[in-house]
Amino acid sequence: MRSLGYLIKEGLRNVWVNRTMTIASIAVLMSCLLLTGAAGLFSLNVNRAMGTLEGNNSIRVYVRQDVSSLDALRIGDEIRKLDNVESCEFVSKDEGMDEMRELLGEENASLLDGLEGDDNWLPDSFRISMKDLSQYDETAREIQAIDGVDSIYDYSDLANQLTRIDNIVTRVGLVIVIALSVVSLFIIANTIRVAMLSRRLEISIMKSVGATNGFIRVPFIVEGIVLGLVAGLVSSLLLDFIYYRVIDALGIDMLFRVINIHHYLLPMVLAFMLVGALFGALGGAISIGRFLKREGGAVVGW
Amino acid sequence: MISMRHVSKTYPNGTHALYDVSFQVQKGEFVFVVGSSGAGKSTLLKLITCEEKPDGGELSVNGEDLVAIKRREVPYLRRTLGMVFQDFRLIPTMNVFENVAFAMRIVGASRREIRKRVPYMLGLVDLLDKQKSYPAELSGGEQQRVGLARALVNNPDLILADEPTGNIDPALSFEIVDLLSEINLRGTTVVMVTHEHNLVKHFHKRIVEIHEGRIVADTNGLEANEA
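Residues numbered from 1 in each chain as written. Chains lettered and ligands numbered in written order. Predicted model: local features only at pLDDT ≥ 70, side-chain atom pairs only at ≥ 80, totals over all residues.

Of regular secondary structure, chain A possesses nine helices and four strands. Buried positions account for 27% of the 302 residues belonging to chain A. Residue pairs in contact within chain A that sit at least 24 positions apart in sequence constitute 89% of those at least 6 positions apart. (Helix = DSSP H or I, 4+ residues; strand = E, 2+ residues; numbered from the N terminus. Buried ≥ 20, exposed ≤ 12 C-beta atoms within 10 Å, placed from the backbone. Contact = placed C-beta atoms within 7 Å.)

The next subject is helix α7 (residues 200-208) of chain A. Of the residues making up α7(A), those classed as buried are Glu202(A), Ile203(A), Ile205(A), Met206(A), Lys207(A) and Ser208(A). Tucked into the core, α7(A) has its buried residues touching α8 (213-250) of chain A together with α2 (74-78), β6 (81-84) and α3 (96-106) of chain B. Gly210(A) sits one or two residues past α7(A) and shows a positive phi near 95°.

Residue and element names in this part refer to chain B. Interaxial distance between helix α5 (residues 140-152) and helix α6 (residues 170-185) falls to 10 Å at its minimum, and their mutual angle equals 15°. Between α5 and α6, the angle is such that the two are roughly parallel. You can see that α5 and α6 cross each other, and the crossing is right-handed. Counting all contacts with α5, which are made through Gly 141, Gln 144, Arg 145, Leu 148 and Leu 152, the residues of α6 involved are Leu 172, Glu 175, Ile 176, Leu 179 and Ile 183. Tallied by class, the residues present in the contact of α5 with α6 amount to six nonpolar, two polar and two charged. (Axes fitted to C-alpha atoms, helices over the stretch in contact; angles between N-to-C directions. Parallel < 35°, antiparallel > 145°, perpendicular 65-115°, else oblique. Left-handed = near helix turned anticlockwise from the far one by under 90°. Nonpolar A, V, L, I, M, F, W, Y, C, P; charged D, E, K, R; others polar.)

This brings us to the packing of α3(B) against helix α4 (residues 111-124) of chain B. All names here are of chain B. Contact geometry for α3 and α4: axes closest at 10 Å, N-to-C directions at 120°. With respect to α4, the element α3 is oriented oblique. Crossing of α3 against α4: the hand is right-handed. For the pair formed by α3 and α4, the contact residues are Val 96, Phe 97, Val 100, Ala 101 and Met 104 on the first element and Glu 113, Ile 114, Arg 117, Val 118, Met 121 and Leu 122 on the second. Residues that form the contact of α3 with α4 fall into these classes: nine nonpolar, no polar and two charged.

A word on the sheet that holds strand β2 (residues 16-25) of chain B. Residues and elements named next belong to chain B. Strand order in the open sheet made by the four strands is β2-β1-β4-β5, with antiparallel pairing throughout. Looking at strand neighbours, the two that pair on one side only are β2 and β5 (64-65), the edges of this open sheet. Pairing of strand β1 (residues 2-10) with β2 involves six bridges; the strand directions are antiparallel. Directly across from Val 7, in β2, lies its bridge partner Val 21. (Pairing = 2+ DSSP bridges.)

What follows concerns the interface of chain B and chain A. By a widely used convention, the size of an interface equals the accessible area lost when the partners come together. Taken together, the contacts link 23 residues of chain B with 18 residues of chain A. For the side of chain B that touches chain A, the class distribution of residues is 11 nonpolar, five polar and seven charged.

An ideal rise of 1.5 Å per residue puts 56 Å on 38 residues; α8(A) measures up with 54 Å between its terminal C-alpha atoms. Along α8(A), the sharpest kink reaches roughly 30°, centred on Pro219(A). (Expected span 1.5 Å × (residues − 1). Bend = angle between axes of the 7 residues up to and from the residue.)

A word on the nonpolar core. Val33(B), Val100(B), Ala149(B), Ile159(B), Leu160(B) and Leu180(B) are the most contacted members of the largest nonpolar core, which has 72 residues in total. The biggest single contributor to this core is α3(B), with eight residues. The next biggest cluster of nonpolar side chains, apart from the first, holds 28 residues, and it includes Val28(A), Ile225(A), Met268(A) and Phe272(A). (Core = buried A, V, L, I, M, F, W, Y, C linked by C-beta atoms within 7 Å.)

Residue and element names in this part refer to chain B. Summarising burial for strand β7 (residues 158-162): five of the five residues are buried, a large majority. Across the two faces of β7 the burial is the same, with Leu 158, Leu 160 and Asp 162 and Ile 159 and Ala 161 all buried. Two elements, β6 and β7, share four bridges in a ladder whose sense is parallel. Looking at β7, one finds that Leu 81 is bridged to Leu 158. Pairing of β7 with strand β8 (residues 189-194), which is carried by five bridges, proceeds in the parallel orientation. When the sheet's bridge partners are listed, Leu 158 is paired in β8 with Thr 189. Crossover β7 to β8 through α6 is right-handed. (Right-handed = clockwise from strand over helix to strand, strands pointing away.)

This part is about the environment of Glu212(B). Residue and element names in this part refer to chain B. Relative to the helices and strands, Glu 212 resides in the loop between β9 (206-211) and β10 (214-219). Exposure remark for Glu 212: the 14 C-beta atoms within 10 Å place this residue in the partly exposed category. In the structure, Glu 212 is positioned 177 residues away from Gly 35 in sequence and 8.6 Å away in space, judged by C-alpha atoms.

This part takes up unusual backbone geometry. Peptide bonds are, in most cases, trans, and in most cases residues other than glycine have a negative phi. Residue and element names in this part refer to chain B. Look at Asp 20: it is not a glycine, yet its phi comes out positive at around 45°. Structurally, Asp 20 can be placed in strand β2. Among the residues examined, Asp 20 registers 13 C-beta atoms within 10 Å and is labelled partly exposed. The phi angle at Phe 88 is positive, at roughly 65°, despite the residue not being glycine. Relative to the assigned elements, Phe 88 resides in the loop between β6 and α3.

Note: predicted coordinates in regions of low pLDDT should not be interpreted at a detailed level. For chain B, per-residue confidence averages 90 on the pLDDT scale, and residues scoring 70 or more make up 97% of the total. Scored as a complex, the prediction yields pTM 0.69 and ipTM 0.83. (pLDDT = per-residue confidence, 0-100.)

Take the sheet that holds β7(B) next. Residues and elements named next belong to chain B. One open sheet holds the six strands; their spatial order is β6-β7-β8-β3-β9-β10, and the pairing between them is mixed. Each of the sheet's edge strands pairs with one partner strand only, and the pair in question is β6 and β10. Recorded for the sheet is a direction-independent mean angle of 15° between the axes of neighbouring strands. Most of the contacts of helix α1 (residues 41-48) go to β7, to which it runs at about 150°, and overall it touches β3 (30-34), β7, β8 and β9.

Put into structure tokens, the structure is as follows:
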């Protein structure tokens, strides 16, 4: 235990002596963490978007602007009479406005100020779900034929598409992340091997005065952990930065409320650093394990 | 201290290094091991430091049975040994003090112990005034004295020196062996491998001669001189 400080110092020295390889392995580990994080955030946001899109098989029927609320209720009765309609829920223009606020999120809700009450330009509408989606086209035609119905919005298409994209991104992301994990482990292990070879003499002296393998391992595992911590820290901060740049550039936050990762920044940074450190330690352990095994007791080398 | 009975060693590549070697070293002895290169001297050292295992026979060092020893016990055996190398094996980026302190750190010595013990050892090898120097700034003889101080700093029972004078000015070689003798007089057992006959002749010590993997002579120094 006494020598722990010394061993950690030696590990840090490895990092410095080995700069080029260190930077290379940090970069690869960073891209691995970044991609994992990006795929994760994409998926979370898609799920959030779908939640906002009122479920998978509901349809929205808008009433013409000039139809009064009373007439609108009568239209609702007619819709309910159709065979394939399972439920039909009236959404008043005021409720519609509340929904819109919800959709835009706190930051953008002020856009709607002054558009309430009599100035509300939203039409009344119905939220409908069908018994049998295969008869969708026919039922939609029947609804459209009712007097006073303006338009039908079907969110199921969009939802299905989002689900499909999410699945593809998850799958492709997973493959890339696994490949990059293997690559980063390999590169970390090699980086630490270089450190080890440059310290052959020290290791042989350590062996000759009776250092245990555990003791010899520590500085190299420390080196791996330091690489991982740096990669984790930088990549999580970078992810945070890029995330908001992308959202701004695409204007996604106008469509629905994206997940605000600023709120989770600290846990995210810590999680990235933890994962990075685990990878680094593993890479170091693999490397030194192979070295000590291959060289066996012969490290002293008379 | 060292007990070898009918020890043989053949390397996986087929080289027969030692045949049926038996010899004992008692506590407090000073032994020269001589022989031409390839005679099996290095193998002898490898067996004693547990870097290689014997194929057959019995071997014990400091009371530890090296045939049955477990891998994880090897480091603790080595802590009772001090090794001196032909090429000194000093770490070039550390100064003299650090090089000696390094050996103490590895066995978990405290800072206080190190500050007390290292200057004492450097005083013993007469290098106290060079403790801030780096190996490259020292002569071969001085470097080997640092090597000796490092081998001794953890207070081993047995010093194993492999051609310690091999890279040193012949005139200074005697100085190193003098130091080893002095250490021996203080109670540490010394086994020194060498092929410098004039050195061996000058110091009247026990001589074990190896030739082609066999011990061909085991004499005390006086007999050797008479012969």
